[in-house]
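Overview (structure and organization)
Here is how the chains run, residue by residue.
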Amino acid sequence: MYIEHTPALASSPRPLPVEPALESLLSQSMLRVDIVAELQYCGSWFMDEPRYDCGLFHLVGTGECLVESPALTEALQLQAGDLVVFPHGDPHRLSATSDDPTSSTSLICGELHFSSNTMHPLSHALPACFVVRAAHADNVFRSLSTMMVDVANSGLAGRQVLLNKLADTLFTLAICDFAQRQTDHRGLFAALADTRICKVLRAVHENPGHAWTMQCMAALACMSRSAFAERFAQLMKVPPMQYVTQWRVSVAERLLRDRQLSVASIAEQLGYSSEAAFRRLFKRVSGVCPGHIRSQDQDYLLN
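First, a word on what this report is: a plain description of the structure on this page.

Rules and cut-offs
- Residues numbered from 1 in each chain as written.
- Predicted model: local features only at pLDDT ≥ 70, side-chain atom pairs only at ≥ 80, totals over all residues.
- Heavy atoms only, no water.
- Helix = DSSP H or I, 4+ residues; strand = E, 2+ residues; numbered from the N terminus.
- Buried < 20%, exposed > 50% of the residue type's maximum accessible area, 1.4 Å probe, protein only.
- Salt bridge = Lys/Arg side-chain N within 4 Å of Asp/Glu carboxyl O.
- Pairing = 2+ DSSP bridges.

1. Some details on the environment of Arg254
Within the fold, Arg254 resides in helix 10 (residues 240–256). A relative accessible area of 28% means that Arg254 is categorised as partly exposed. Taking the C-alpha atoms as reference, Arg254 lies 7.8 Å from Gln28; in sequence the two are 226 residues apart.

2. What about the pattern of salt bridges?
For the structure shown, the criterion picks out nine salt bridges. When the shortest N-O distance is used, the salt bridge between Glu275 and Arg279 registers 2.9 Å. Residue Glu275 and its partner Arg279 are both found in helix 12 (residues 275–286); the two are separated by four residues, about one turn of the helix. Overall, the relative accessible area of 31% leaves Glu275 in the partly exposed class. The exposure class of Arg279 is partly exposed, given its relative accessible area of 33%. Because the salt bridges share partners, they merge into one network encompassing Asp194, Arg196 and Arg231.

3. What to know about the pairing of strand 3 (residues 55–62)
Extensive coverage of strand 3 is indicated by the burial of seven of its eight residues. Direction of pairing for strand 3 relative to strand 8 (residues 104–113): antiparallel, over a ladder of seven bridges. Considered in strand 8, the bridge of Gly55 is made with Leu112. Summarising the sheet, strand 3 and strand 6 (residues 83–86) pair through four bridges and their orientation is antiparallel. Of the residues in strand 6, the one forming a bridge with His58 is Val84.

Below you can see the structure in the form of structure tokens.
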């Protein structure tokens, strides 16, 4: 078969690929995104956000505003379509850019809930604050943010559910945008830039139940055990086997929310020889037993 190349397509810039290790982490992560407020302001206004136990984000729907925070070296001006994210819940203030009583600003505000009982890889890797500018983002991000504003202003049935699902996708795009644009990386994003360590991370993320050992991970990275262990710990801030354990527990938290899966089947899926051994390890790492996760999830659904 012969396919003729289209000049217009050939000359268009190709988007940077998302690292598969990051994609596999995001697809299996225990991360919940909730829209908690839709705000409309006119004239002079400000909104103070104290420190939160969860991450926070604000999408500017219309108008513009300033964002200030001890986490920032200077105030940032946000335009319509811009997204500001405080992954660790740092305190901040949003305010009007002028005292013009005719100026108006709309905001869609949400919360980011990482896995609450284990150290999520993204939690350490993300800075205190980052911004995705609509002017610099791709068409998918801009279209999705516009759709969120349209849904927020609509009277659609199930509007809150739709907003939460759209926000989850928007945050995923924001993470990918951050990974591609930032050069001062740490933690997970620094490891993704190392092709050898990145290869191991992808394998662990995609197959947490494999019988991982230092030897097989080092061989996968084509490194000696000592060199691999040192490089992995330098980038990820935890030893390799500890990361494997933390990732398994993080995946287990997600699986435990599926009440059709027994604890025994989850233990087997994650590579543990017995349900009792898995229960002991899960409680040691997360601080709670598997049953507590299921009761938490039931309480959330009821509320």
